[in-house]
Amino acid sequence: MSGNAMSRGMIVPLCTPLIDRYAISEKLFDDDSLLGVNYEGTLIYSDEWGRGNDAYGLFFDRSNPSGAMMNELRTRGLSVVSAQARSYGCFWYTGADNPLNEMTKQKFLERTGQLNA
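Given the structure is predicted, the values throughout are model-derived calculations rather than measurements.

Each α-helix turn comprises 3.6 residues. Residues three or four places apart therefore point the same way. Turning to helix H2 (residues 67-75), its buried residues are Met 69, Met 70, Glu 72 and Leu 73. The arc enclosing the buried residues of H2, seen along the axis, measures out at 165 degrees, which places them on a common side. Turned more than 90 degrees off the buried face of H2, the exposed positions are Arg 74 and Thr 75. Those residues of H2 that are buried are in contact with strand E1 (4-13), helix H1 (21-30), strand E2 (35-37) and strand E3 (43-46). In the segment just after H2, Gly 77 is the residue with positive phi, at about 70 degrees.

As structure tokens, then:
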């Protein structure tokens, strides 16, 4: 059954886009990983801080990647541009695509003021 969900964690660009994003995404899901990958395979995000009820939308901050996320990235051999990491909060409807999956690297960099930085 669909409903509202609050996702919170970190989002960061990958150094190299994933070639087989779908297979990697499925593996992360099957492993009950805290990581997820956007549809274009250029961003990776964590969902570490549970669910709750705040406000709809996607919001960014300037925090560093969390230890749990960075440990899992290292374990899986994924390298990221950690200087561009941002924490996020996203309240979304589970009957539609997660806004994190739909976010492109270009849009992420624009929305976080990093496009021409």
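To continue, consider H1. Among all positions in H1, only Arg 21, Ser 25 and Leu 28 are buried. Buried residues of H1, viewed axially, fall in a sector of 60 degrees; they line one side. Pointing more than 90 degrees away from the buried face of H1 are the exposed residues Tyr 22 and Asp 30. In this structure, the buried residues of H1 make contact with E2 and H2.

Before going further, it helps to spend a moment on the nonpolar core. Ile 44, Met 69, Leu 73 and Val 80 are the most contacted members of the largest nonpolar core, which totals 14 residues. Those elements that provide at least two residues to this core are E1, E2 and H2. With 3 residues, H2 is the single largest residue contributor to this core. Look past the residues within four positions of Met 69 in its chain and what remains in contact with it is Met 10, Val 12, Leu 34, Leu 35, Ile 44, Tyr 45, Ser 46 and Glu 48. By size, the runner-up hydrophobic cluster in this structure holds 12 residues, among which are Tyr 45, Cys 90, Trp 92 and Phe 108.

About the criteria used
Residues numbered from 1 in each chain as written. Predicted model: local features only at pLDDT ≥ 70, side-chain atom pairs only at ≥ 80, totals over all residues. Heavy atoms only, no water. Buried < 20%, exposed > 50% of the residue type's maximum accessible area, 1.4 Å probe, protein only. Helix = DSSP H or I, 4+ residues; strand = E, 2+ residues; numbered from the N terminus. Arc of directions from axis to C-beta. Contact = heavy atoms within 4.5 Å. Core = buried A, V, L, I, M, F, W, Y, C linked by side-chain atoms within 4.5 Å.

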